[in-house]
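Listed below, chain by chain, are the residues.
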Amino acid sequence: MGDPIKKIELKDGTTRYRFVIDIGRDSASGRRKQLTKTYDTKKEARAEYAKIKHQTDEGTFVGPVKITVSEWLDTWLKSATIDVEKATASNYADALLPVRKQLGDRRLQQITEEDIDDLVDWMLTSGRRRGGKPGTGLSVRSVKLTLGRLRSALNVAVRRKLVVRNVAQYTQIPREARRKAAAAAAERKPWGETEVRQFLAAIRDFRLYAPVLLSLIGMRPAEVCGLRWSAVDLEDGTLSVELTRTLVDGEVEEKGPKSKKGKRKLPLPKPLHAALKTFKAKQAAEAIHAGEVYERSGFVLVDELGAPWKTDKFRRAIYKLMEQAKVRKVRPYDARHACLTYLATSGVPDVVVSAWAGHADLSFTKRVYIHPDVEHLREAADQLDVLLG
């Protein structure tokens, strides 16, 4: 076999060194694929030839492809979301929107670690496009979700030999950004007992009193919106969490809880029991008043014409009630945190708190949802009074 490196002379008299090498066969046609490379010196050409030959012999060679980042993400999403729920698939696609915005038109093989670092910096400083003021920074949590999905997509690209390595594998969110996020999370705390009582006292005569109480017993907003009267047994004094009602890509999706533990039967606290009876009677009167235009959807949370509410409408209504009640504004989902914190710090066993929440993992409930504050710690101080005399 002769020397694979051929000396060539260009029209302007410049000398170059070129080789053609087999790099396998096309998976679709079965035809042999070849790669042509040209270098300024024979030494460079020989070194590159040896490297490619070794990689093709080992089965590790990655040939040039023209696929863009967005094209690859389309391919990856199609396979990654085959067996996941619609909401999960939507979350995957949303998480990758910043990647498409910044790197979508670039060749997949041209993306570097520096590009991923720049992507993270852009997301943290000005990557927001919705869910707040456009042009502001996204949360650390959002950036983590994006990096997680991008790493997964690039891992598959490595396995399919589209790229040599995963350039997002070791990308880190800056420590200062993580510190600020942790500090902000520490400052955000759910209502305490006094705030809950103040809020309830202020909204007791409002139409949404019963649905708000459902949130304050720890039900998720999607569970409140998905609760049907058929799942409420006012005789037995129980309700069953069987359905969630959420918005996915602007459309309502009704489905069961995420896990077996999420589907649960809860005894009704007396104030909620009374509020639900009142709310049901009020809806019956509204149906008579509306006549034929009343929508008999069967949901507990409906408007005056019987139309079921979506989670975004419920959230906005609760914020309005907070403003009217002149209480500290918290996320409606934090009502769930407030309830579980109260139960856990009131002596209810951990296993019961977790079952009430619909969690399969006790440690998850305690780690994420329980927020003891200084008032909760006074019992410990009382015990130390005894120890210290």
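Use the structure listed above.
Here's a quick rundown of the structure. Keep in mind that this is a model prediction, so the values were computed, not measured.

Quick look at the overall build of the chain
Looking only at helices and strands, the chain features 16 helices and eight strands. Taken over the C-alpha trace, the chain has a radius of gyration of 30 Å; the compact-globule value for 389 residues is 21 Å, which it surpasses by more than 25%. Taking the principal axes of its C-alpha atoms as reference, the chain extends roughly 95 × 70 × 35 Å. The buried share of the chain, taken over its 389 residues, is 40%. The long-range share in the chain, meaning contacts at least 24 apart out of those at least 6 apart in sequence, stands at 56%. For the chain, the exposed area adds up to about 23,500 Å²; of that, 51% sits on carbon and sulfur atoms. The chain carries 71 positive and 51 negative side-chain charges, and their two centres are separated by 4 Å.

Considering the packing of aromatic side chains
All chains considered together, the criterion is met by four aromatic pairs. A ring pair is formed by Phe19 and Tyr39, whose centres lie 6.4 Å apart and whose planes are at 15 degrees; its orientation type is stacked. Of this pair, Phe19 sits in strand E2 (residues 15–25) while Tyr39 sits in strand E3 (residues 32–39); the two residues are 20 residues apart in sequence, bridging distant segments of the chain. A relative accessible area of 0% means that Phe19 is categorised as buried. Ring geometry for Trp76 versus Tyr92: centroids 6.0 Å apart, planes at 10 degrees, classification stacked. Note that Trp76 is positioned in helix H2 (residues 69–80) and Tyr92 in helix H3 (residues 86–95), a separation of 16 residues in sequence. Take Trp76: its relative accessible area is 6%, and that puts it in the buried class.

Digging into the pattern of salt bridges
Using the criterion set out here, one finds 20 salt bridges in the structure. With a closest N to O distance of 2.9 Å, Asp115 and Arg106 form a salt bridge. Overall, the relative accessible area of 14% leaves Asp115 in the buried class. The partly exposed category is assigned to Arg106, whose relative accessible area is 31%.

Let's talk about unusual backbone geometry
Residues apart from glycine generally show negative phi values, whereas peptide bonds are mostly found in trans. Of note in this structure, Lys161 is not a glycine but carries a positive phi near 60 degrees. If you trace the backbone, Lys161 turns up in the loop between helix H6 (140–159) and helix H7 (175–187). One non-glycine residue, Lys326, adopts positive backbone phi at about 60 degrees. Of note, Lys326 is situated in the loop between helix H12 (311–325) and helix H13 (334–345). Using a relative accessible area of 70% as the deciding quantity, one classes Lys326 as exposed.

What about a nonpolar patch on the surface?
Together, Val351, Val352 and Leu362 give the surface a local cluster of nonpolar side chains, amounting to about 240 Å² of exposed area. Counting through the fold element by element, Val352 comes out in helix H14 (residues 350–357). When its relative accessible area of 40% is taken as the criterion, Val352 is described as partly exposed.

What about the packing of H2 against H6?
Where H2 contacts H6, the two axes come as close as 10 Å, and the packing angle between them is 90 degrees. When the axes of H2 and H6 are compared, the pair comes out roughly perpendicular. Side by side, H2 and H6 meet where Trp72, Leu73 and Trp76 of the first sit next to Arg149, Ser152, Ala153, Leu154, Val156 and Ala157 of the second. When the residues that make up the contact of H2 with H6 are grouped by side-chain class, the tally is seven nonpolar, one polar and one charged.

Calculation criteria
Residues numbered from 1 in each chain as written. Predicted model: local features only at pLDDT ≥ 70, side-chain atom pairs only at ≥ 80, totals over all residues. Heavy atoms only, no water. Helix = DSSP H or I, 4+ residues; strand = E, 2+ residues; numbered from the N terminus. Rg over C-alpha atoms; globule rule 2.2 N^0.38 Å. Buried < 20%, exposed > 50% of the residue type's maximum accessible area, 1.4 Å probe, protein only. Contact = heavy atoms within 4.5 Å. Areas by Shrake-Rupley, 256 points an atom, 1.4 Å probe, with all protein chains shown as cover. Lys, Arg positive; Asp, Glu negative; His and termini not counted. Charge placed at Lys NZ, Arg CZ, Asp CG, Glu CD. Phe/Tyr/Trp six-rings, centres within 6.5 Å; stacked < 30°, edge-to-face > 60°. Salt bridge = Lys/Arg side-chain N within 4 Å of Asp/Glu carboxyl O. Patch = residues over 30% accessible without salt bridge, like charges linked within 9 Å, V, L, I, M, F, W, Y side chains within 5 Å. Axes fitted to C-alpha atoms, helices over the stretch in contact; angles between N-to-C directions. Parallel < 35°, antiparallel > 145°, perpendicular 65-115°, else oblique. Nonpolar A, V, L, I, M, F, W, Y, C, P; charged D, E, K, R; others polar.

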